[in-house]
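# Remarks on the overall topology
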Amino acid sequence: MNNYFVILAAGKSKRFHKKLPKQFYNYKNKEIIDHSIEKSLISKLFKKIIIVTNNLNHFKKKKYPKSISIIKGGKERSDSSFIALKYIKKFKPKNVFIHDAARPNFSISLLHKLIVSLKRNKASIPVISSKDSIKYKVKNQLFNLNRNSSYLTQTPQAFKFNDLYKLSINQKIKVQDEATLFIENNLKVKFIKGENLNNKITYKEDVGETKKYYGIGFDIHRLVKNKKLYLGGIKIPFHSGLKGHSDGDVIIHSIIDGLLGAMRKKDIGTFFPDNKRKFKDIRSPKLLKPIINILNKNNFYINNLDINLICEQPKMSKYRDKILESLSHLLNLDKKLINLKGKTVEKLGLIGKEKAIACEVICSISQ
């Protein structure tokens, strides 16, 4: 696995936003660049991932694994690309992928196809056909370009490192992509089928709006003495715990029901019936994990969660941050998108007498 993945993110995005470079704009609840970072990590195809940026301060607060390096870029795209190639040369890479941070919608499957293509080729480029009629101008005369003979190139573009490095050293012109270096030198480029969704975000309008779906979750359990209390996936110091077939975590149970409701997938009891011994005393994070897998498999993502935890004791203000951290980790969701409120019932009923805890959740998802 001697492959390296370079993400070019040094642009100023003048056509996108006056203040914010587009690679840092929120898109599907992540910064645009984070989609490329996560996919390259999840693929497990790359020994190292290099982010090339002129906004080094933006990355200082982020925690990345050691396989990710962040380096300063150049003035032009081709400058940043060459800086990255010089940086990774010391690692003696076999293959290198060059990718534009402004393309967050490529698939991991495309990465695998490029790896396979590189076994027999020095340069492999994903391309698609144009959906539009293309015209070009020579002096004052217009001509139609044959769409069947025209290609729209995408990234990531994959290369044998040594071949690309030699061409980059000798390049005399600023190029818009690395494939140009091979084409200008009459070297073979292998075109593979790209992806129509792998569009480049150039204007703010390219981000677009997606349809939202909503779900409501609710759960309540009695408190019993001498049992551990779990809320939001963490253990809360308290004299009583929640009685239930599992660990009784009303927050996670409500989140599961809310997500299932938003996906129109029935309820928690359908997936984890309380008459099955294998779910006896199971920790609720283990119940949440397969629901998140269903969410991901169906291409849903969470927009936000609003949680009401209803109890007299314990007071949630003391544990709110820990619960939010836990939920953020379990859901792979920015904790800024999770709201947790502690509510009482003014000493009324079982909850008011501190004999039960309830929770309700409203969640929003998009596909």
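Now for a description of the structure that goes with this document. Everything numeric in this text was worked out from a predicted model, so none of it was measured.

Along the protein, the regular secondary structure elements total 10 helices and 19 strands. Judged by the C-alpha coordinates and their principal axes, the protein covers about 85 × 45 × 40 Å. Every one of the 367 residues in the protein was classed for burial, and the buried ones make up 49%. Counting contacts in the protein only where the partners sit at least 6 residues apart, residues at least 24 apart contribute 70% of the total.

This paragraph deals with the pattern of salt bridges. Applying the stated rule across the entire model yields 10 salt bridges. Lys30 is paired through a salt bridge with Glu38; the nearest N and O atoms lie 3.8 Å apart. One salt bridge connects Glu31 with Lys62, and the closest N-O pair in it is separated by 2.6 Å. Of this pair, Glu31 sits in strand β3 (residues 30-31) while Lys62 sits in the loop between β4 (48-53) and β5 (68-72), and the two are 31 residues apart along the sequence. Residue Glu31 is classed as buried on the basis of its relative accessible area of 18%. Residues participating in the shared-partner salt-bridge network are Glu31, Asp34 and Lys62.

Attention shifts here to the packing of helix α2 (residues 77-88) against helix α4 (residues 161-170). Axis separation between α2 and α4 bottoms out at 10 Å; the angle between their running directions is 130°. The orientation of α2 with respect to α4, classified from their angle, is oblique. Every pair of crossing elements has a handedness; the one defined by α2 and α4 is left-handed. Where α2 approaches α4, its residues Phe82, Leu85, Lys86 and Ile88 are matched on the opposing element by Phe161, Leu164, Tyr165, Ser168 and Ile169. Taken together, the residues that form the contact of α2 with α4 break down as seven nonpolar, one polar and one charged.

On to helix α9 (residues 320-331), then. With 12 residues, α9 should cover 16 Å at 1.5 Å per step; its first-to-last C-alpha distance of 16 Å lies within 8% of that length. Every buried residue of α9 is accounted for by Ile323, Leu324, Ser326, Leu327, Ser328 and Leu331. If you follow the buried residues of α9, they end up packed against β14 (229-231), β15 (234-236), α6 (250-262), α8 (284-297), β17 (301-310) and β18 (338-343). Asn332 sits one or two residues past α9 and shows a positive phi near 55°.

All right, on to the packing of aromatic side chains then. Going through the model one piece at a time under the given rule, you end up with 15 aromatic pairs. Ring geometry for Phe5 and Phe106: centres 6.4 Å apart, planes at 35°, overall tilted. Here Phe106 lies in the loop between β6 (95-100) and α3 (108-118) and Phe5 lies in strand β1 (residues 3-9), a separation of 101 residues in the sequence. Relative accessible area serves as the criterion here: at 0%, Phe5 is assigned to the buried category. Three or more aromatic residues joined by ring pairs make a cluster, and in this case those are Phe5, Phe46, Phe97 and Phe106. Its guanidinium or amino end placed over the ring of Phe106, Lys39 lies 5.0 Å from that ring's centre, counting from NZ or CZ. Above the plane of the ring of Tyr213 lies Arg264, whose end atom (NZ or CZ) is 4.3 Å from the centre.

In any sheet, the strands associate via hydrogen bonds between backbone groups, in a parallel or an antiparallel arrangement. One open sheet holds the five strands; their spatial order is β16-β13-β19-β17-β18, and the pairing between them is mixed. At either margin of the open sheet sits one strand with a lone partner, and together these are β16 (240-242) and β18. Here the strands of the sheet are splayed against their neighbours by 20° on average, with no regard to which way each runs. Both strand β13 (residues 212-225) and strand β19 (residues 356-366) contribute to a ladder of 11 bridges, which runs antiparallel. Looking at the pairing, Lys212 lines up with Ser366 of β19. In this fold α6 packs onto β13, β16, β17, β18 and β19, with an angle of close to 155° to the strand it touches most, β13. Running at roughly 140° to β18, α9 makes contact with β17 and β18 of the sheet.

Before going further, it helps to examine α6. Working note: α-helix, 3.6 residues per turn, so residues spaced by three or four point in the same direction. Compared with the 18 Å implied by 1.5 Å per residue over 13 residues, the 18 Å span of α6 between its first and last C-alpha is a close match. Burial of α6 is extensive: 12 of the 13 residues sit out of reach of the surface. What α6 keeps buried is the set Val250, Ile251, Ile252, His253, Ser254, Ile255, Ile256, Asp257, Gly258, Leu259, Leu260 and Ala262. Sitting at the amino-terminal end of α6 is Asp249, which places a side-chain oxygen 3.2 Å from the backbone nitrogen of Ile251. The positive-phi residue at the C-terminal boundary of α6 is Arg264, with phi of around 60°.

Counting residues in each nonpolar core, the largest one holds 44 residues, and the members touching the most others are Leu231, Ile251, Ile255, Leu259, Leu309, Ile323 and Leu331. No other element matches α6, which puts eight residues into this core. Leu8, Leu85, Leu181 and Val189 belong to the second-largest nonpolar core, a separate cluster that totals 24 residues.

To continue, consider the packing of α6 against α9. Interaxial distance between α6 and α9 falls to 12 Å at its minimum, and their mutual angle equals 40°. Taken together, α6 and α9 sit at an angle that is classed as oblique. Judged by the twist between their axes, the crossing of α6 over α9 is right-handed. Contacts between α6 and α9 pair Ile251, Ile252, Ile255 and Leu259 from the former with Ile323, Leu327, Leu330 and Leu331 from the latter. Its residues assigned to classes, the contact of α6 with α9 comprises eight nonpolar, no polar and no charged.

What counts and what doesn't
Residues numbered from 1 in each chain as written. Predicted model: local features only at pLDDT ≥ 70, side-chain atom pairs only at ≥ 80, totals over all residues. Heavy atoms only, no water. Helix = DSSP H or I, 4+ residues; strand = E, 2+ residues; numbered from the N terminus. Buried < 20%, exposed > 50% of the residue type's maximum accessible area, 1.4 Å probe, protein only. Contact = heavy atoms within 4.5 Å. Salt bridge = Lys/Arg side-chain N within 4 Å of Asp/Glu carboxyl O. Axes fitted to C-alpha atoms, helices over the stretch in contact; angles between N-to-C directions. Parallel < 35°, antiparallel > 145°, perpendicular 65-115°, else oblique. Left-handed = near helix turned anticlockwise from the far one by under 90°. Nonpolar A, V, L, I, M, F, W, Y, C, P; charged D, E, K, R; others polar. Expected span 1.5 Å × (residues − 1). Phe/Tyr/Trp six-rings, centres within 6.5 Å; stacked < 30°, edge-to-face > 60°. Lys NZ or Arg CZ within 6 Å of the ring centre and 35° of its normal. Pairing = 2+ DSSP bridges. Polar contact = N/O pair within 3.5 Å; in protein donor to acceptor, adjacent residues only side chain to side chain. Core = buried A, V, L, I, M, F, W, Y, C linked by side-chain atoms within 4.5 Å.

Fair warning: the whole summary comes from geometry, so function is off the table for now.
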